[in-house]
Amino acid sequence: MPSLGPASMANLVTCDEKIQVICKEAIHVMDFSVLEGFRTTDKQEEYFKQGKSKLDGVTVKSKHQSRPSRAVDIMPYPAILGGVNVWEDTRRFYMLAGVMMAVSHNLSILLRWGGDWDSDQNFTEQSFNDLPHFELMGK
């Protein structure tokens, strides 16, 4: 059975308790790594300059910048499966998003995914895809 490794757990504990609960349930369905929870302003600015985020972290803050973080970035594990890098074949991100959204729904926790910002389940209309990103909605 998959479990979160030490690096993933260290990143996950920087997240809101609701995100931790979702991830600890989802790992039993599909293996993944937690890339990042809390993010500094400098790191957010860096991602913005690289085009990896639409939020600069100064004038508009990311949910990663709150303590605890109201966002988490995760990716399917392992990164290479069958000789295919997950960043080149994004189908596993969509599978993982389905798992995360189902778990959050079952726990009555509102979650938004960076591959479906408006949560309408139409993935073809996105102007900016952030497939590893999940964030809490509401309070």
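As shown above, the structure is provided for reference.
Remember, predicted model here, so these are calculated numbers, not experimental data.

Conventions we followed
- One numbering rule holds for all chains: residues counted from 1, following each sequence as written.
- With pLDDT at 70 or above as the cut-off, local features in this predicted model cover only qualifying residues; side-chain atom pairs require 80 or more to be listed or tallied, and sums for whole chains, interfaces and linings still use all residues.
- Computation of side-chain values covers all heavy atoms of the structure but excludes hydrogens and water.
- By the criteria applied, helices consist of DSSP H or I runs no shorter than four residues and strands consist of E runs no shorter than two, each listed in order from the N terminus.
- Each residue is assigned to one of three classes by its accessible area relative to the maximum for its type, calculated with a 1.4 Å probe on protein chains only: buried under 20%, partly exposed between the two thresholds, exposed over 50%.
- Think of a polar contact as two N or O atoms within 3.5 Å of one another; within protein, one of them needs to be a possible hydrogen donor and the other a possible acceptor, and neighboring residues in sequence only count if both atoms come from side chains.
- Contacts were defined at the residue level, with two residues in contact if any of their heavy atoms lie within 4.5 Å.
- Only Phe, Tyr and Trp rings take part, Trp by its six-membered ring, and two of them pair if their centres are within 6.5 Å. Stacked means planes under 30 degrees apart, edge-to-face means over 60, and tilted covers everything else.
- For a lysine, the NZ atom is tested; for an arginine, the CZ atom; a charge sits over a ring if that atom is within 6 Å of the ring centre and within 35 degrees of the ring normal.
- Definitions used throughout: a 1 Å grid over protein atoms alone; a cavity as a set of points that fits a 1.4 Å probe which cannot get out; a pocket as an open set with protein on both sides within 12 Å along at least five of seven lines; a lining residue as one with an atom within 4 Å of a point.
- Grid points are joined across faces, edges and corners, and a volume is the space filled by probe spheres set on the points.
- Charged residues are taken to be Asp, Glu, Lys and Arg, nonpolar residues to be Ala, Val, Leu, Ile, Met, Phe, Trp, Tyr, Cys and Pro, and polar residues to be all remaining types, Gly included.

Student: Tell me what's going on with the side chain of E36, and back it up with residues and numbers.
Tutor: Among the secondary structure elements, E36 is positioned in strand β1 (residues 32–36). Residue classification places E36 among the buried positions, given a relative accessible area of 12%. There is a polar contact of 3.4 Å between the side chain of E36 and the side chain of Y47. The contact partners of E36, leaving out residues within four places of it in the chain, are N11, K43, Y47, H64, A71, V72 and D73.

Student: Could you give me a rundown of the packing of aromatic side chains, with the residues and numbers involved?
Tutor: Considering all chains together, one arrives at five aromatic pairs under this definition. A centroid spacing of 5.6 Å and a plane angle of 80 degrees characterise the contact between W113 and F123, whose relative ring orientation is edge-to-face. Taken together, the residues span a long stretch of sequence, with W113 in strand β5 (residues 111–113) and F123 in the loop between β5 and β6 (133–136) at a distance of 10 residues. W113 sits in the buried class, given a relative accessible area of 4%. Ring centres 6.4 Å apart and planes at 20 degrees place the aromatic pair W113 and F134 in the stacked group. Taken as a pair, W113 in strand β5 and F134 in strand β6 lie far apart in primary sequence, 21 residues in all. F134 shares its class with W113; the two are buried. Directly above the aromatic system of F38 lies the positively charged group of R67, at a separation of 3.9 Å from the ring centroid.

Student: Would you mind going over the layout of surface pockets in detail, with residue names and values included?
Tutor: Of the pockets and cavities examined, the largest pocket occupies roughly 460 Å³. Around the largest pocket sit 23 residues that line it, and R39, K52, S53, D130 and H133 are the ones nearest its centre. For the lining of the largest pocket, the elements supplying multiple residues, two or more each, are β1, α3 (41–49) and β6. Along the lines of polarity and charge, the residues of the lining of the largest pocket split into eight nonpolar, six polar and nine charged. Space inside the second largest pocket adds up to approximately 300 Å³.

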